[in-house]
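Residue-level structure breakdown
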Amino acid sequence: MDERKRFLFRLVIPAYPKWTIYSNVTGITTALGPLCVATAASKLEHWDVEVIDENNCRNRHCPKDPDGHPDHRQLQEQRPADVVGFYGSMSSSVPRLYELAALYHQTGAFTLAGGKHIEFLPEEALAHHIDVAVLGEGEQTIQELLAAWEAGHRAARDSRTRQLGTGQRGVGSLRDIANIRGLAWLSAGPEHPALAMSPPRPPNHDLDSLPWPDFNLLRYGKLRIYPINRTRGCNMHCEFCTVKDKTRTASPRWLANQVIHLVETRRAREFFDTSDHFAADRAEAIEFCRLMADYQRRTGISLDFTVQTRITDARYPELLAAMRDANVHMVAIGFESPIDEELVSMNKGYLSKDMVAWSRTFQRYGFYIHALLIFGYPLVPEHRVQLSVKERMKRFR
């Protein structure tokens, strides 16, 4: 009989392909979403939690396989995880995710996955060794899910029955799964398993109530750039983007205090705000910048921020001045395309000449610009134009 009083939840960020837009930073930062979910899970009484970022395992104690990835079989031998979660927001890393899910299933672990790719294709995930797909924000869901798994495990132990891990793909080890919002799983059908889904999980509108992410949960990783976030959602509704929910923000003071905590406890100096639109609430963005500028003046500590914002924010000099004073050095901007026909199809509301003028404004304020572009945008039929690859390259130059 299993008499253990504690369980282990391991959350894995799968390796990206060798060449991605993140290749130059993956070894010095990490994904924020999994850290937030892991932090929520760590608040449960009987659970230990760790995050394995395959893209950032620079600690010499991390066991490696022949390909240089973390050796998950060895990890399971050293510290068997009862439940293993996977970060599935980046489609390019999903093949690796499914590979690892199969490996962990072989060890008897219960598997779950979340993130944008999983949300849009839950049936695909459930067909590739994922027991439960998490849809939507995961902080509350993971707490309820692990508690249900624990209750099912203890009930099976107490009745001296084997915990279900096959047949119903592990869902039999959960109690009251249908009452947990934001889940998808395969239920037993008369002929073959059928997709089942619980009611959706409403977005959290009280972001100040969330704990700060605990970067100590990142096992083996070394951080130089710390991911932070104050804003979830985006009001722009770009048709090519998966972020559709309305903007919700934590208070400027909540994020400022988190940054200061990281500076004073981890000697953090570089930060990347993962908010899809840093200045979605312009007044609050300015307030945050002023809090950071004041802290740097008082302490003599110089910080470095990268934020994601919109090209149209160049129209607001008060915002740009506040960002500059806070030491925002780089702005990541979704230019999407320099081709006017594509901008019209995207309903961006401006043309390439406007982007050039606004870019010059950002540069006058001293910002480096990291441009995000879509090459070969699939135009809707009413805006379709025939451009050769050579002509597209010319327009991009």
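Described below are features of the structure shown in this document. (Residues numbered from 1 in each chain as written. Predicted model: local features only at pLDDT ≥ 70, side-chain atom pairs only at ≥ 80, totals over all residues. Heavy atoms only, no water.)

1. So, the sheet that holds strand 11 (residues 270–273)
The five strands lie next to each other as 8-11-12-13-14, forming an open sheet whose pairing is parallel. What marks the edges here is a single partner per strand, and that holds for strand 8 (225–228) and strand 14 (368–373). Each strand axis lies, on average, 20° off the axis of its neighbour in the sheet, ignoring direction. (Pairing = 2+ DSSP bridges. Helix = DSSP H or I, 4+ residues; strand = E, 2+ residues; numbered from the N terminus. Axes fitted to C-alpha atoms, helices over the stretch in contact; angles between N-to-C directions.)

2. Observations regarding the pairing of strand 1 (residues 7–13)
Most of strand 1 sits out of view: seven of its seven residues are buried. Alternating positions in strand 1 separate into two faces, Phe7, Phe9, Leu11 and Ile13 on one and Leu8, Arg10 and Val12 on the other, with burial throughout. With seven bridges connecting them, strand 1 and strand 2 (residues 47–53) associate as parallel partners. If you follow Leu8 over to strand 2, its bridge partner there is Asp48. Regarding topology, helix 1 (residues 32–41) serves as the crossover connection from strand 1 to the parallel strand 2, and that connection is right-handed. Pairing analysis gives four bridges linking strand 1 to strand 3 (residues 83–87), with the strands arranged parallel. Considered in strand 3, the bridge of Leu11 is made with Gly85. (Buried < 20%, exposed > 50% of the residue type's maximum accessible area, 1.4 Å probe, protein only. Right-handed = clockwise from strand over helix to strand, strands pointing away.)

3. With respect to the packing of helix 8 (residues 282–299) against helix 9 (residues 317–325)
Running from N to C, helix 8 and helix 9 point in directions that differ by 25°, and their axes come no closer than 8 Å. On the basis of their axis angle, the class for helix 8 and helix 9 is roughly parallel. Note on packing geometry: the crossing formed by helix 8 with helix 9 is left-handed. On the side of helix 8, the interface is formed by Arg282, Ala285, Ile286, Cys289, Arg290 and Ala293, while helix 9 contributes Glu318, Leu319, Ala322, Met323 and Asp325. (Parallel < 35°, antiparallel > 145°, perpendicular 65-115°, else oblique. Left-handed = near helix turned anticlockwise from the far one by under 90°. Contact = heavy atoms within 4.5 Å.)

4. What to know about the packing of helix 7 (residues 252–266) against helix 8
It is the contact of helix 7 with helix 8, at a shortest axis distance of 9 Å, that shows an interaxial angle of 30°. The angle between helix 7 and helix 8 places the two elements in the roughly parallel class. Where helix 7 crosses over helix 8, the two elements pack in a sense that is right-handed. On helix 8, the residues touching Pro252, Arg253, Leu255, Ala256, Val259, Ile260, Val263 and Glu264 of helix 7 are Glu284, Glu287, Phe288, Leu291, Met292 and Tyr295.

5. As for the environment of Tyr98
Tracing the sequence through the fold places Tyr98 in helix 3 (residues 94–106). Tyr98 sits 27 residues away from Ala125 along the chain, and the two C-alpha atoms are 7.6 Å apart. When sequence neighbours within four positions are dropped, the list of residues in contact with Tyr98 reads His117, Ile118, Glu124, Ala125, His128, His129 and Ile130. Only 2.6 Å separates the side chain of Tyr98 from the side chain of Glu124, close enough to count as a polar contact. (Polar contact = N/O pair within 3.5 Å; in protein donor to acceptor, adjacent residues only side chain to side chain.)

6. Let's talk about the nonpolar core
Residues Phe9, Val132, Val259, Phe271, Met292, Phe305 and Met323 are the most contacted members of the largest nonpolar core, which totals 81 residues. In this structure, Leu8, Ile52, Ala113 and Leu135 belong to the second largest nonpolar core, which totals 27 residues. (Core = buried A, V, L, I, M, F, W, Y, C linked by side-chain atoms within 4.5 Å.)

7. A look at the packing of aromatic side chains
Here the structure, examined in full by the defined rule, presents 12 aromatic pairs. Residues Phe7 and Trp149 carry aromatic rings whose centres are separated by 5.4 Å and whose planes lie at 80° to one another, so their mutual orientation is edge-to-face. Linking Phe7 in strand 1 with Trp149 in helix 6 (residues 139–158), this pair joins segments that are 142 residues apart in sequence. Here Phe7 matches Trp149 in class, with each residue buried. Members of the aromatic cluster, each reached through a chain of ring pairs, are Phe215, Tyr226, Phe271, Phe278, Phe288 and Phe305. Positioned over the ring face of Tyr316 is Arg282, at 3.7 Å from the centre of the ring. (Phe/Tyr/Trp six-rings, centres within 6.5 Å; stacked < 30°, edge-to-face > 60°. Lys NZ or Arg CZ within 6 Å of the ring centre and 35° of its normal.)

8. Topic: helix 11 (residues 352–364)
A rise of 1.5 Å per residue sets the reference length of helix 11, with its 13 residues, at 18 Å; its end C-alpha atoms lie 19 Å apart and thus fit the reference within 8%. If you check which residues of helix 11 are buried, you get Met355, Trp358, Ser359, Thr361 and Phe362. Take helix 11 and look down its axis: the buried residues cluster within an arc of 155°, on one side only. In helix 11, the exposed positions that point more than 90 degrees away from the buried face belong to Lys353, Arg360, Gln363 and Arg364. Buried positions along helix 11 lie against strand 12 (304–309), helix 9, strand 13 (328–336), helix 10 (340–345) and strand 14. With its phi angle positive at about 95°, Gly366 sits one or two positions after the end of helix 11. (Expected span 1.5 Å × (residues − 1). Arc of directions from axis to C-beta.)

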